Amino acid sequence: MPEVVLIAISALAYPALHLVSGWAFSFAEITPHVGLVYLPAFLRMLNVLVLGKLGGTLATALGGLALLAVQGTSASFNELASVACSAAGPLIAVSLFHFYFRRPVSLLALQDLAIVTLAYCMSNSLVHHLMWSWVDPSQLVSSTQLFWMMVGDFNGALIGAYLLKWSAPRLGLVDRS
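This section reports on the structure supplied with the text. Computed from a predicted model, the values in this text were never measured in an experiment.

Attention shifts here to the overall build of the protein. Looking only at helices and strands, one finds five helices and two strands in the protein. The helix and strand sequence of the protein, counted from the amino end, reads α-β-β-α-α-α-α. Its C-alpha radius of gyration of 16 Å places the protein within 12% of the 16 Å reference for a compact globule of 177 residues. For the C-alpha atoms alone, the extent of the protein along its principal axes is close to 55 × 35 × 30 Å.

See the structure below:
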């Protein structure tokens, strides 16, 4: 399948997964932008790991713009900055992995995936909170919010990884031999 089609599919899946995550885990929401489980965290990482740095970042950014449209939210500077942060988190994590280990992330190595996922959770939360402190300080409601955002991204990425592991053989996405 051409990469442009995969980017489009991922971009369209992003708002759907965001809405499902918000509905299914509304009980675990700390603020409107921070919850203890955020499923799109997995999709963001998957985008960059599968589609590459440019394609994956583009898919996440387009998905963020699609989410704004689905929610009927105006494309204000604050919202566009949030979309940019969402796209930057996994890009930063994968780039740091490449810089430190001098090799790409192995999708078959649990240790690589764990390292890059933890780096993503930290970078995504940090980038968002730095942006909020500069652009929209009203989003900063708790001194522990940064930590809880990391936890929510990690939980979402973990659930997504388990769902992928469970569904991949059933959907014929991996060799069953």
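Now that the structure has been shown, we can carry on.
A few words on the layout of surface pockets. As a volume, the largest pocket reaches approximately 1,200 Å³. The wall of the largest pocket is formed by 31 residues, among which Phe42, Leu46, Ala161, Leu164 and Lys165 lie closest to the centre. Within the residue set of the lining of the largest pocket, elements represented by two or more residues are α2 (40-71), α4 (110-135) and α5 (145-170). The greatest single-element share of the lining of the largest pocket, amounting to 12 residues, is contributed by α5.

Before going further, it helps to spend a moment on the packing of aromatic side chains. Inspection of every chain in the model, using the stated rule, returns five aromatic pairs. Between Tyr100 and Phe101, the ring centres sit 4.8 Å apart and the planes meet at 85°, which makes this aromatic pair edge-to-face. Residue classification places Tyr100 among the exposed residues on the basis of a relative accessible area of 63%. Note on Phe147 and Trp148: the rings are 4.9 Å apart at their centroids and 70° apart in plane angle, and the pair reads as edge-to-face. Judged by its relative accessible area of 45%, Phe147 falls in the partly exposed class. Since its relative accessible area comes to 32%, Trp148 is described here as partly exposed. By the ring-pair criterion, three or more aromatic residues cluster together here, those being Phe97, Tyr100 and Phe101.

Okay, the side chain of Ser21 next. Its place among the elements puts Ser21 in helix α1 (residues 3-24). Contact partners of Ser21, with chain neighbours within four places excluded, come to Ser26, Val37, Tyr38, Leu39 and Pro40.

One finds Tyr14, Met45, Ala93, Val94, Val116 and Tyr120 to be the most contacted residues of the largest nonpolar core, which totals 15 residues. The residues contacting Ala93, other than those within four sequence positions of it, are Val116, Ala119, Tyr120 and Ser123. The next biggest cluster of nonpolar side chains, apart from the first, holds seven residues, and it includes Ala81, Met131, Trp132 and Val135.

Bringing helix α3 (residues 77-101) into the picture now. With 25 residues, α3 should cover 36 Å at 1.5 Å per step; its first-to-last C-alpha distance of 35 Å lies within 8% of that length. Of all the bends in α3, the largest measures some 30° and sits at Ala88, one to four residues before the proline Pro90. Restricting attention to buried positions, one finds in α3 the residues Ala81, Ser82, Val83, Cys85, Ser86, Ala87, Gly89, Pro90, Ala93, Val94 and Phe97. Buried residues along α3 sit in contact with α1, α2 and α4. The positive-phi residue at the C-terminal boundary of α3 is Arg102, with phi of around 60°.

Our next topic: the packing of α2 against α4. Closest axis-to-axis distance for the α2/α4 pair is 11 Å, and the angle between their directions is 115°. Both α2 and α4 take part in a crossing whose hand is right-handed. Residues Ala41, Arg44, Met45 and Leu49 of α2 form the contact with α4, whose participating residues are Leu113, Val116, Tyr120, Asn124 and His128. Along the lines of polarity and charge, the residues of the contact of α2 with α4 split into six nonpolar, two polar and one charged.

Quick look at unusual backbone geometry now. With the exception of glycine, most residues fall at negative phi, and the peptide bonds are largely trans. You will see that Arg102, though not glycine, has its phi angle at about 60°, which is positive. Its place among the elements puts Arg102 in the loop between α3 and α4. Under the relative-accessibility criterion, Arg102 is labelled exposed at 66%.

Parameters at a glance
Residues numbered from 1 in each chain as written. Predicted model: local features only at pLDDT ≥ 70, side-chain atom pairs only at ≥ 80, totals over all residues. Heavy atoms only, no water. Helix = DSSP H or I, 4+ residues; strand = E, 2+ residues; numbered from the N terminus. Rg over C-alpha atoms; globule rule 2.2 N^0.38 Å. 1 Å grid on protein atoms, 1.4 Å probe; cavity = no way out; pocket = protein on both sides within 12 Å on 5 of 7 lines; lining within 4 Å. Points joined across faces, edges and corners; volume = space filled by probe spheres on them. Phe/Tyr/Trp six-rings, centres within 6.5 Å; stacked < 30°, edge-to-face > 60°. Buried < 20%, exposed > 50% of the residue type's maximum accessible area, 1.4 Å probe, protein only. Contact = heavy atoms within 4.5 Å. Core = buried A, V, L, I, M, F, W, Y, C linked by side-chain atoms within 4.5 Å. Expected span 1.5 Å × (residues − 1). Bend = angle between axes of the 7 residues up to and from the residue. Axes fitted to C-alpha atoms, helices over the stretch in contact; angles between N-to-C directions. Left-handed = near helix turned anticlockwise from the far one by under 90°. Nonpolar A, V, L, I, M, F, W, Y, C, P; charged D, E, K, R; others polar.

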